[in-house]
Amino acid sequence: MSVAASQSKPAMASPPATKAAPPALSKPVIFATSGIGGCAGWAIVHPANTIAVRWNLASMQGKKFSFGGMIKESGWMSVYDGLSAGLLRQVFYASSRFGLFETFRDKLHEYRGKTDFASRVGIGAITGGMAAYISCPMEVAVVRMSNDSTLPVNERRNYKGVVDTATRIVKEEGVTAFWRGSTPFVQRAMMVGVFQVATLDQFKLMYADFLGQKKNSIPNVFCAAMTSGLLYSLATMPLEASKNRMASQKADAVTGKLPYKSTLQTLRKVSAEEGFFALYNGFLPYYLRCGGHTVSMFIFVQLIRDFYSQRML
(Lines give C-alpha, C1' and ligand atoms only; values in the text may rest on other atoms or scores of the structure.)
Protein backbone atom coordinates (compact mmCIF):
# COMPACT_ATOMS: atom_id res chain seq x y z
CA MET A 1 0.00 0.00 0.00
CA SER A 2 1.38 3.43 -0.96
CA VAL A 3 2.10 6.17 1.54
CA ALA A 4 -0.51 8.41 -0.12
CA ALA A 5 -3.19 5.75 0.20
CA SER A 6 -2.41 5.19 3.85
CA GLN A 7 -2.62 8.94 4.50
CA SER A 8 -5.98 9.23 2.74
CA LYS A 9 -7.58 6.54 4.94
CA PRO A 10 -9.87 8.22 7.51
CA ALA A 11 -8.81 7.89 11.11
CA MET A 12 -10.95 5.60 13.30
CA ALA A 13 -13.33 7.64 15.47
CA SER A 14 -12.74 7.32 19.18
CA PRO A 15 -15.70 5.92 21.18
CA PRO A 16 -17.89 8.57 22.82
CA ALA A 17 -17.09 9.22 26.45
CA THR A 18 -19.64 7.72 28.77
CA LYS A 19 -21.08 9.88 31.49
CA ALA A 20 -19.88 8.75 34.89
CA ALA A 21 -22.58 7.56 37.25
CA PRO A 22 -23.20 9.94 40.14
CA PRO A 23 -21.54 8.85 43.38
CA ALA A 24 -23.72 6.98 45.86
CA LEU A 25 -25.32 9.10 48.55
CA SER A 26 -24.06 8.66 52.09
CA LYS A 27 -26.38 7.18 54.72
CA PRO A 28 -26.80 10.50 56.61
CA VAL A 29 -27.88 12.15 53.33
CA ILE A 30 -30.35 9.31 52.63
CA PHE A 31 -31.92 9.70 56.10
CA ALA A 32 -31.96 13.51 55.90
CA THR A 33 -33.49 13.71 52.41
CA SER A 34 -36.13 11.13 53.38
CA GLY A 35 -37.11 13.21 56.41
CA ILE A 36 -37.15 16.53 54.53
CA GLY A 37 -39.16 15.02 51.67
CA GLY A 38 -41.58 13.45 54.18
CA CYS A 39 -42.11 16.82 55.89
CA ALA A 40 -42.67 18.64 52.59
CA GLY A 41 -45.17 16.01 51.47
CA TRP A 42 -46.97 16.07 54.82
CA ALA A 43 -47.42 19.84 54.68
CA ILE A 44 -49.52 19.24 51.54
CA VAL A 45 -51.68 16.37 52.81
CA HIS A 46 -52.12 17.36 56.48
CA PRO A 47 -55.60 18.87 55.90
CA ALA A 48 -56.76 15.53 54.43
CA ASN A 49 -55.39 13.75 57.51
CA THR A 50 -57.21 16.14 59.87
CA ILE A 51 -60.50 15.58 58.05
CA ALA A 52 -59.95 11.80 58.05
CA VAL A 53 -59.24 11.72 61.80
CA ARG A 54 -62.28 13.88 62.65
CA TRP A 55 -64.59 11.94 60.35
CA ASN A 56 -63.33 8.65 61.71
CA LEU A 57 -63.76 9.67 65.37
CA ALA A 58 -67.11 11.44 64.97
CA SER A 59 -69.11 8.24 65.53
CA MET A 60 -67.14 7.57 68.74
CA GLN A 61 -68.58 10.87 70.01
CA GLY A 62 -72.07 9.93 68.82
CA LYS A 63 -71.99 12.58 66.06
CA LYS A 64 -72.45 12.52 62.31
CA PHE A 65 -69.54 14.13 60.50
CA SER A 66 -70.17 17.07 58.18
CA PHE A 67 -67.37 18.95 56.43
CA GLY A 68 -69.49 22.09 56.27
CA GLY A 69 -70.34 21.76 59.96
CA MET A 70 -66.66 21.31 60.82
CA ILE A 71 -65.71 24.49 58.96
CA LYS A 72 -68.61 26.42 60.48
CA GLU A 73 -67.67 25.30 64.01
CA SER A 74 -63.87 25.50 63.84
CA GLY A 75 -62.99 27.58 60.75
CA TRP A 76 -60.94 26.78 57.64
CA MET A 77 -57.60 26.98 59.40
CA SER A 78 -58.62 24.20 61.77
CA VAL A 79 -57.66 21.69 59.06
CA TYR A 80 -54.07 22.55 60.01
CA ASP A 81 -54.57 21.71 63.70
CA GLY A 82 -51.70 19.45 64.74
CA LEU A 83 -49.46 20.38 61.80
CA SER A 84 -46.42 20.93 64.05
CA ALA A 85 -46.81 17.44 65.51
CA GLY A 86 -47.37 16.00 62.02
CA LEU A 87 -44.15 17.53 60.72
CA LEU A 88 -42.21 16.37 63.77
CA ARG A 89 -43.68 12.89 63.25
CA GLN A 90 -42.30 12.87 59.70
CA VAL A 91 -38.84 13.80 61.01
CA PHE A 92 -38.85 10.48 62.85
CA TYR A 93 -41.16 8.36 60.67
CA ALA A 94 -40.16 9.21 57.10
CA SER A 95 -36.44 9.47 57.81
CA SER A 96 -36.30 6.19 59.71
CA ARG A 97 -38.75 4.32 57.46
CA PHE A 98 -37.04 5.05 54.14
CA GLY A 99 -33.56 5.49 55.57
CA LEU A 100 -33.72 2.12 57.34
CA PHE A 101 -35.29 0.48 54.27
CA GLU A 102 -32.45 1.56 51.99
CA THR A 103 -29.81 0.71 54.63
CA PHE A 104 -31.20 -2.80 55.28
CA ARG A 105 -31.74 -3.42 51.57
CA ASP A 106 -28.14 -2.50 50.72
CA LYS A 107 -26.72 -4.58 53.59
CA LEU A 108 -28.78 -7.58 52.54
CA HIS A 109 -27.58 -7.15 48.95
CA GLU A 110 -23.96 -7.16 50.16
CA TYR A 111 -24.60 -10.34 52.15
CA ARG A 112 -26.65 -12.28 49.56
CA GLY A 113 -25.43 -10.71 46.34
CA LYS A 114 -29.01 -9.96 45.26
CA THR A 115 -32.17 -8.22 46.39
CA ASP A 116 -35.22 -10.13 45.25
CA PHE A 117 -38.90 -9.26 45.54
CA ALA A 118 -39.47 -11.29 48.73
CA SER A 119 -36.53 -9.56 50.42
CA ARG A 120 -37.88 -6.11 49.56
CA VAL A 121 -41.32 -7.02 50.93
CA GLY A 122 -39.83 -8.38 54.17
CA ILE A 123 -37.58 -5.37 54.65
CA GLY A 124 -40.47 -3.02 53.86
CA ALA A 125 -42.59 -4.63 56.59
CA ILE A 126 -39.84 -4.68 59.23
CA THR A 127 -38.59 -1.13 58.67
CA GLY A 128 -42.14 0.22 58.43
CA GLY A 129 -42.97 -1.29 61.82
CA MET A 130 -39.75 0.01 63.39
CA ALA A 131 -40.37 3.53 62.08
CA ALA A 132 -43.96 3.51 63.37
CA TYR A 133 -42.90 2.49 66.87
CA ILE A 134 -40.20 5.18 66.95
CA SER A 135 -42.64 7.90 65.86
CA CYS A 136 -45.69 6.75 67.86
CA PRO A 137 -45.45 9.58 70.46
CA MET A 138 -45.85 12.16 67.70
CA GLU A 139 -48.68 10.13 66.12
CA VAL A 140 -50.60 10.31 69.41
CA ALA A 141 -49.99 14.08 69.50
CA VAL A 142 -51.21 14.47 65.87
CA VAL A 143 -54.45 12.58 66.54
CA ARG A 144 -55.23 14.51 69.72
CA MET A 145 -54.37 17.96 68.36
CA SER A 146 -56.25 17.34 65.09
CA ASN A 147 -59.45 16.26 66.83
CA ASP A 148 -59.49 18.33 70.03
CA SER A 149 -61.58 21.24 68.71
CA THR A 150 -64.41 18.87 67.69
CA LEU A 151 -64.91 17.52 71.22
CA PRO A 152 -67.57 18.90 73.57
CA VAL A 153 -66.22 21.99 75.33
CA ASN A 154 -66.00 20.26 78.72
CA GLU A 155 -64.01 17.34 77.22
CA ARG A 156 -61.45 19.34 75.26
CA ARG A 157 -57.83 19.17 76.33
CA ASN A 158 -57.06 22.60 74.79
CA TYR A 159 -53.50 21.84 73.79
CA LYS A 160 -51.48 24.93 72.87
CA GLY A 161 -48.86 23.24 70.69
CA VAL A 162 -46.77 20.12 70.27
CA VAL A 163 -44.53 20.92 73.28
CA ASP A 164 -47.56 21.59 75.49
CA THR A 165 -49.20 18.37 74.24
CA ALA A 166 -46.13 16.25 74.99
CA THR A 167 -45.56 17.86 78.40
CA ARG A 168 -49.16 17.41 79.50
CA ILE A 169 -49.38 13.81 78.32
CA VAL A 170 -46.33 12.93 80.43
CA LYS A 171 -47.66 14.88 83.45
CA GLU A 172 -51.30 13.79 83.31
CA GLU A 173 -51.14 10.26 81.91
CA GLY A 174 -47.54 9.07 82.06
CA VAL A 175 -44.99 8.32 79.36
CA THR A 176 -46.70 5.07 78.36
CA ALA A 177 -49.68 7.08 77.02
CA PHE A 178 -47.45 8.03 74.07
CA TRP A 179 -47.65 4.42 72.89
CA ARG A 180 -51.41 4.00 73.14
CA GLY A 181 -52.45 2.68 69.77
CA SER A 182 -48.87 1.65 68.94
CA THR A 183 -49.91 -1.92 68.08
CA PRO A 184 -52.39 -1.02 65.28
CA PHE A 185 -50.06 1.80 64.19
CA VAL A 186 -47.14 -0.64 63.82
CA GLN A 187 -49.39 -3.23 62.13
CA ARG A 188 -50.69 -0.60 59.71
CA ALA A 189 -47.16 0.63 58.92
CA MET A 190 -45.99 -2.93 58.24
CA MET A 191 -48.90 -3.48 55.84
CA VAL A 192 -48.19 -0.16 54.11
CA GLY A 193 -44.54 -1.22 53.71
CA VAL A 194 -45.61 -4.54 52.18
CA PHE A 195 -48.23 -3.04 49.86
CA GLN A 196 -46.01 -0.18 48.67
CA VAL A 197 -43.05 -2.45 47.93
CA ALA A 198 -45.26 -5.16 46.46
CA THR A 199 -47.34 -2.97 44.19
CA LEU A 200 -45.71 0.41 43.49
CA ASP A 201 -43.09 -0.81 41.02
CA GLN A 202 -45.61 -3.15 39.36
CA PHE A 203 -48.04 -0.28 38.79
CA LYS A 204 -45.21 1.90 37.43
CA LEU A 205 -44.46 -0.78 34.83
CA MET A 206 -48.15 -1.32 34.06
CA TYR A 207 -48.79 2.38 33.39
CA ALA A 208 -45.56 2.64 31.38
CA ASP A 209 -46.70 -0.27 29.18
CA PHE A 210 -50.39 0.62 28.80
CA LEU A 211 -50.25 4.43 28.79
CA GLY A 212 -46.79 4.88 27.28
CA GLN A 213 -45.53 6.79 30.32
CA LYS A 214 -41.84 7.11 31.05
CA LYS A 215 -41.09 5.08 34.16
CA ASN A 216 -40.39 7.24 37.25
CA SER A 217 -41.68 10.39 35.52
CA ILE A 218 -44.02 12.53 37.62
CA PRO A 219 -47.20 11.29 35.80
CA ASN A 220 -45.99 7.70 36.18
CA VAL A 221 -45.24 8.08 39.90
CA PHE A 222 -48.58 9.86 40.43
CA CYS A 223 -50.68 7.15 38.74
CA ALA A 224 -48.78 4.28 40.39
CA ALA A 225 -48.82 5.85 43.86
CA MET A 226 -52.54 6.67 43.76
CA THR A 227 -53.40 3.12 42.62
CA SER A 228 -51.08 1.54 45.17
CA GLY A 229 -52.47 3.94 47.79
CA LEU A 230 -56.03 2.82 47.04
CA LEU A 231 -55.13 -0.82 47.73
CA TYR A 232 -53.30 -0.24 50.97
CA SER A 233 -55.86 2.32 52.15
CA LEU A 234 -58.58 -0.33 51.80
CA ALA A 235 -56.41 -2.86 53.63
CA THR A 236 -55.23 -0.60 56.46
CA MET A 237 -58.20 1.68 57.22
CA PRO A 238 -59.55 -0.55 60.06
CA LEU A 239 -56.12 -0.44 61.70
CA GLU A 240 -55.99 3.35 61.24
CA ALA A 241 -59.42 3.62 62.88
CA SER A 242 -58.27 1.45 65.80
CA LYS A 243 -55.13 3.54 66.23
CA ASN A 244 -57.12 6.80 66.21
CA ARG A 245 -59.51 5.58 68.90
CA MET A 246 -56.80 4.12 71.11
CA ALA A 247 -54.65 7.26 70.81
CA SER A 248 -57.47 9.71 71.59
CA GLN A 249 -59.39 7.75 74.26
CA LYS A 250 -59.93 8.85 77.85
CA ALA A 251 -60.32 6.62 80.88
CA ASP A 252 -63.88 6.12 82.18
CA ALA A 253 -64.62 8.69 84.90
CA VAL A 254 -66.15 6.03 87.21
CA THR A 255 -64.11 2.87 86.62
CA GLY A 256 -60.86 4.49 85.49
CA LYS A 257 -60.61 1.93 82.70
CA LEU A 258 -59.83 2.65 79.05
CA PRO A 259 -62.52 1.51 76.57
CA TYR A 260 -60.04 0.25 73.95
CA LYS A 261 -57.32 -2.16 75.03
CA SER A 262 -56.02 -3.95 71.92
CA THR A 263 -56.39 -3.93 68.15
CA LEU A 264 -58.66 -6.99 68.02
CA GLN A 265 -60.82 -5.83 70.95
CA THR A 266 -61.20 -2.40 69.34
CA LEU A 267 -62.18 -3.87 65.98
CA ARG A 268 -64.73 -6.15 67.64
CA LYS A 269 -66.16 -3.42 69.90
CA VAL A 270 -66.58 -0.89 67.08
CA SER A 271 -68.07 -3.49 64.71
CA ALA A 272 -70.53 -4.70 67.35
CA GLU A 273 -71.64 -1.27 68.57
CA GLU A 274 -71.47 0.85 65.41
CA GLY A 275 -71.26 -1.62 62.53
CA PHE A 276 -68.22 -2.83 60.59
CA PHE A 277 -68.26 0.07 58.14
CA ALA A 278 -67.80 2.55 60.98
CA LEU A 279 -64.14 1.49 60.72
CA TYR A 280 -64.13 3.04 57.23
CA ASN A 281 -65.53 6.43 58.27
CA GLY A 282 -63.29 9.06 56.66
CA PHE A 283 -61.98 6.69 53.99
CA LEU A 284 -61.88 9.25 51.14
CA PRO A 285 -59.65 11.81 52.92
CA TYR A 286 -57.58 8.92 54.33
CA TYR A 287 -57.00 7.64 50.79
CA LEU A 288 -56.12 11.14 49.57
CA ARG A 289 -53.67 11.44 52.45
CA CYS A 290 -52.05 8.04 51.73
CA GLY A 291 -51.78 8.36 47.96
CA GLY A 292 -51.05 12.09 48.04
CA HIS A 293 -48.26 11.76 50.59
CA THR A 294 -46.63 8.93 48.65
CA VAL A 295 -46.65 11.00 45.45
CA SER A 296 -45.51 14.29 46.96
CA MET A 297 -42.89 12.74 49.25
CA PHE A 298 -41.26 10.64 46.53
CA ILE A 299 -41.15 13.65 44.20
CA PHE A 300 -39.65 15.92 46.87
CA VAL A 301 -37.10 13.29 47.91
CA GLN A 302 -36.00 12.79 44.30
CA LEU A 303 -35.73 16.53 43.63
CA ILE A 304 -33.69 17.07 46.81
CA ARG A 305 -31.36 14.17 46.05
CA ASP A 306 -30.88 15.30 42.44
CA PHE A 307 -30.07 18.82 43.65
CA TYR A 308 -27.60 17.47 46.22
CA SER A 309 -25.90 15.21 43.66
CA GLN A 310 -25.54 18.00 41.11
CA ARG A 311 -24.56 20.87 43.42
CA MET A 312 -22.97 19.38 46.52
CA LEU A 313 -20.93 16.42 45.27
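For the structure, see preceding data.
Reading the values: the criteria
- Residues numbered from 1 in each chain as written.
- Predicted model: local features only at pLDDT ≥ 70, side-chain atom pairs only at ≥ 80, totals over all residues.
- Heavy atoms only, no water.
- Patch = residues over 30% accessible without salt bridge, like charges linked within 9 Å, V, L, I, M, F, W, Y side chains within 5 Å.
- Areas by Shrake-Rupley, 256 points an atom, 1.4 Å probe, with all protein chains shown as cover.
- Salt bridge = Lys/Arg side-chain N within 4 Å of Asp/Glu carboxyl O.
- Helix = DSSP H or I, 4+ residues; strand = E, 2+ residues; numbered from the N terminus.
- Buried < 20%, exposed > 50% of the residue type's maximum accessible area, 1.4 Å probe, protein only.
- Expected span 1.5 Å × (residues − 1).
- Bend = angle between axes of the 7 residues up to and from the residue.
- Arc of directions from axis to C-beta.
- Contact = heavy atoms within 4.5 Å.
- Axes fitted to C-alpha atoms, helices over the stretch in contact; angles between N-to-C directions.
- Parallel < 35°, antiparallel > 145°, perpendicular 65-115°, else oblique.
- Nonpolar A, V, L, I, M, F, W, Y, C, P; charged D, E, K, R; others polar.
- Polar contact = N/O pair within 3.5 Å; in protein donor to acceptor, adjacent residues only side chain to side chain.
- Phe/Tyr/Trp six-rings, centres within 6.5 Å; stacked < 30°, edge-to-face > 60°.
- Lys NZ or Arg CZ within 6 Å of the ring centre and 35° of its normal.
- Disulfide = S-S within 2.5 Å.

K.L.:
I'd like to hear about a nonpolar patch on the surface, residue by residue, with values.
P.N.:
Taken together, Leu 88, Val 91, Phe 92 and Ile 134 make up a surface patch of nonpolar side chains, about 310 Å² in accessible area. Per-element tally for the nonpolar patch: the top contributor is helix H4 (residues 83-112), with three residues. With respect to the helices, strands and loops of the structure, Ile 134 is situated in helix H5 (residues 117-147). Note on Ile 134: relative accessible area 42%, which makes it partly exposed.

K.L.:
Give me helix H7 (residues 182-211): which residues, what numbers.
P.N.:
For H7, with 30 residues, the first-to-last C-alpha span of 40 Å sits near the 44 Å given by 1.5 Å per residue. Of all bends in H7, the biggest is about 30°, found at Thr 199.

K.L.:
Got a sec to walk through helix H9 (residues 263-274)? Specific residues and values, please.
P.N.:
Helix length check: H9, at twelve residues, gives a terminal C-alpha distance of 16 Å against a target of 16 Å (1.5 Å per residue), a fit within 8%. For H9, the set of buried residues is Thr 263, Thr 266 and Val 270. Relative to the axis of H9, the buried residues are bounded by an arc of 65° and lie together on one face. In H9, those exposed residues whose orientation departs by more than 90 degrees from the buried face are Arg 268 and Ala 272. Elements that come into contact with the buried residues of H9 comprise H7 and helix H8 (218-248). Immediately downstream of H9, the backbone of Gly 275 shows phi near 95°, a positive value.

K.L.:
Describe the pattern of salt bridges, naming the residues involved and giving the relevant values.
P.N.:
Under the defined criterion, the tally for this structure stands at 17 salt bridges. Across the pair Glu 102 and Arg 305 runs a salt bridge whose closest N-O atoms are separated by 3.0 Å. Pair noted here: Glu 102 is in helix H4 and Arg 305 is in helix H10 (residues 283-311), with a separation of 203 residues, a long-range link. Residue class for Arg 305 comes out buried when judged on its relative accessible area of 11%.

K.L.:
Which residues make up the packing of H5 against helix H6 (residues 162-173), and what are the values?
P.N.:
Packing of H5 against H6 brings their axes to within 10 Å, and their N-to-C directions diverge by 105°. When the interaxial angle is binned, H5 and H6 end up roughly perpendicular. When H5 is examined against H6, the residues Met 138, Val 140, Ala 141, Arg 144 and Met 145 are found in contact with a partner set consisting of Val 162, Thr 165, Ile 169 and Glu 173. Among the residues making up the contact of H5 with H6, the classes are represented as six nonpolar, one polar and two charged.

K.L.:
An account of the environment of Tyr 260 is needed here, citing residue identities and associated values.
P.N.:
On the secondary structure map, Tyr 260 appears in the loop between H8 and H9. If we ignore the near neighbours within four places in the chain, the residues touching Tyr 260 are Met 60, Arg 245, Met 246, Gln 249, Gln 265, Thr 266, Lys 269 and Val 270. Polar contacts involving the side chain of Tyr 260 include one to the side chain of Arg 245, which spans 3.0 Å.

K.L.:
Account for the packing of aromatic side chains, with residues named and values stated.
P.N.:
Here the structure, examined in full by the defined rule, presents ten aromatic pairs. Between Phe 98 and Phe 298, the ring centres sit 5.6 Å apart and the planes meet at 80°, which makes this aromatic pair edge-to-face. Taken together, the residues Phe 98 in helix H4 and Phe 298 in helix H10 connect sequence positions 200 residues apart. Three or more aromatic residues joined by ring pairs make a cluster, and in this case those are Phe 276, Phe 277, Tyr 280, Phe 283 and Tyr 287. Its guanidinium or amino end placed over the ring of Trp 42, Arg 89 lies 5.4 Å from that ring's centre, counting from NZ or CZ. Note that Arg 89 overlies the ring of Tyr 93, its terminal NZ or CZ placed 4.7 Å from the centroid.

K.L.:
Residue-level account of the state of the cysteines, with values.
P.N.:
Across all of its chains, the model carries zero disulfides by this definition. Sulfur of Cys 39: no disulfide; nearest cysteine sulfur belongs to Cys 290 and is 17 Å away.

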